[in-house]
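Here are the chains, one letter per residue:
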Amino acid sequence: MRKEDCFYLGKIVSKFSFRGEVLVKLDTDEPEIYENMESVFVSMGSNLVPFFIDKCRLHKSALLRIDFEEVKDEATADKLIGSELYLPLDLLPTLTGNQFYFHEVIGFTVIDEAHGNIGVIRAVNDNASQDLFELEKDGKQLLIPITDDIISKVDRKKMEIHVKTPEGLVDLFLNS
């Protein structure tokens, strides 16, 4: 399995018991949907290695406590701390309406209420304090904030996102 075919689920942050159980900080708004997993992929170097799960359950609502089949002692669990967990993309819950996964909108055209077609989403920058669409239009790059105030409609069939950008934002990029 390749990372490109998976989504990031979370990171092993600590051991839980002397029997090798670990705690995972999940990157999700709905941790409860991952309580009954049978397996996950653990990032080890540049590889994703499948690990099978004996039991997993929520721990203090924000963490997932996992008992892996292959990990039954503290020393083995220690080696996993800091490792990232992944699941195949087809296991992502389906989103509807104006909700979307960043990977799903790459290639969508962005239609602004005032300017019309302002470009195609080439990437999503989620490393800044504000998530941004990175658009390309006529060889120029535009950065559009991803907020509920700006996004008015996500049309998956037409592969379009309709936005109402703040006055002057689009002109700043296209007329530079």
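These figures come from a predicted structure and were not determined experimentally.

Rules of the game
Residues numbered from 1 in each chain as written. Predicted model: local features only at pLDDT ≥ 70, side-chain atom pairs only at ≥ 80, totals over all residues. Heavy atoms only, no water. Phe/Tyr/Trp six-rings, centres within 6.5 Å; stacked < 30°, edge-to-face > 60°. Lys NZ or Arg CZ within 6 Å of the ring centre and 35° of its normal. Helix = DSSP H or I, 4+ residues; strand = E, 2+ residues; numbered from the N terminus. Contact = heavy atoms within 4.5 Å. Buried < 20%, exposed > 50% of the residue type's maximum accessible area, 1.4 Å probe, protein only. Pairing = 2+ DSSP bridges. Patch = residues over 30% accessible without salt bridge, like charges linked within 9 Å, V, L, I, M, F, W, Y side chains within 5 Å. Areas by Shrake-Rupley, 256 points an atom, 1.4 Å probe, with all protein chains shown as cover. Salt bridge = Lys/Arg side-chain N within 4 Å of Asp/Glu carboxyl O. Lys, Arg positive; Asp, Glu negative; His and termini not counted. Charge placed at Lys NZ, Arg CZ, Asp CG, Glu CD. 1 Å grid on protein atoms, 1.4 Å probe; cavity = no way out; pocket = protein on both sides within 12 Å on 5 of 7 lines; lining within 4 Å. Points joined across faces, edges and corners; volume = space filled by probe spheres on them. Nonpolar A, V, L, I, M, F, W, Y, C, P; charged D, E, K, R; others polar. Axes fitted to C-alpha atoms, helices over the stretch in contact; angles between N-to-C directions.

Visitor: I keep staring at the packing of aromatic side chains and nothing clicks. Help me out?
Guide: For any two aromatic rings, the description comes down to two numbers: the centre-to-centre distance and the angle of the planes. A complete count under the given rule lists 5 aromatic pairs for this structure. What links up through ring pairs into an aromatic cluster is the set Phe100, Phe102 and Phe133. Positioned over the ring face of Phe18 is Arg19, at 5.4 Å from the centre of the ring.

Visitor: I'm lost on the environment of Ile118 in this one. Help?
Guide: Note on placement: Ile118 falls in strand β8 (residues 116–125). The residues contacting Ile118, other than those within four sequence positions of it, are Val110, Asp112, Leu135, Lys137, Leu142, Ile144, Val163, Thr165 and Val170.

Visitor: I keep staring at the pairing of strand β7 (residues 109–112) and nothing clicks. Help me out?
Guide: The side chains of a regular strand alternate, first on one face of the sheet and then on the other. Of the two faces of β7, the one holding Thr109 and Ile111 and the one holding Val110 and Asp112 are both buried throughout. Examined bridge by bridge, β7 and β8 share 4 bridges and lie antiparallel to one another. Pairing of Val110 across the sheet is with Gly119, part of β8. Count of turn residues in the β7/β8 antiparallel hairpin: 3 residues. The pairing of β7 with strand β12 (residues 160–163) spans 4 bridges and is parallel. In the sheet register, Val110 faces β12, and the bridge partner there is Ile161.

Visitor: Where do I start with a negative patch on the surface in this structure?
Guide: Taken together, the side chains of Asp27, Asp29, Glu30 and Glu32 make up a negatively charged region of the molecular surface. Along the polypeptide, Glu32 turns up in the loop between β2 (22–26) and β3 (39–44).

Visitor: I'm lost on the layout of surface pockets in this one. Help?
Guide: A water-sized probe, rolled over the atoms, reveals where empty space remains. Of the voids in this model, the largest pocket is the one considered here, and its volume is about 1100 Å³. Forming the boundary of the largest pocket are 26 residues, of which Asp27, Leu95, Phe100, Tyr101 and Phe102 lie nearest the centre. At 3 residues, the largest contribution of residues to the lining of the largest pocket is made by strand β1 (residues 6–15). Contributions of two or more residues to the lining of the second largest pocket are made by β3, β4 (47–59) and β6 (84–88). Broken down by element, the lining of the second largest pocket gets its largest block of residues, 3 residues, from β3. Across the lining of the second largest pocket, the residue classes break down as 10 nonpolar, 1 polar and 1 charged.

Visitor: Teacher, can you tell me more about the sheet that holds strand β9 (residues 132–137) here?
Guide: Think of a sheet as strands paired side by side through backbone hydrogen bonds, with each pair either parallel or antiparallel. What the 6 strands build is an open sheet, ordered β10-β9-β8-β7-β12-β11; its pairing is mixed. Of all the strands in the sheet, just β10 (140–145) and β11 (151–155) have a single pairing partner and so form its edges. Averaged over all pairs of adjacent strands, the angle between strand axes in this sheet comes to 35°, irrespective of strand direction.

Visitor: What am I meant to see in the side chain of Thr109 here?
Guide: Following the sequence through the fold, Thr109 ends up in strand β7. When near neighbours in sequence (up to four residues on either side) are disregarded, Thr109 contacts Asn117, Gly119, Val120, Met159, Glu160 and Ile161.

Visitor: Would you explain the pattern of salt bridges in this entry?
Guide: Here the idea is simple: oppositely charged side chains can pair when their charged atoms come close. In total, this model carries 13 salt bridges according to the counting rule given. Glu74 is the partner of Lys15 in a salt bridge, and the nearest nitrogen-oxygen pair spans 3.2 Å. With Lys15 in strand β1 and Glu74 in helix α1 (residues 74–80), this residue pair connects regions lying 59 residues apart in the sequence. Here Lys15 falls in the partly exposed class, since its relative accessible area comes to 28%. Taking the relative accessible area as the measure of exposure, Glu74 reaches 38% and is therefore partly exposed. Between Asp78 and Lys15 there is a salt bridge, and its shortest N-O distance comes to 3.2 Å. Taken together, the residues Asp78 in helix α1 and Lys15 in strand β1 connect sequence positions 63 residues apart. When salt bridges that share partners are traced, they join Arg19, Glu21, Arg57 and Arg65 into one network.

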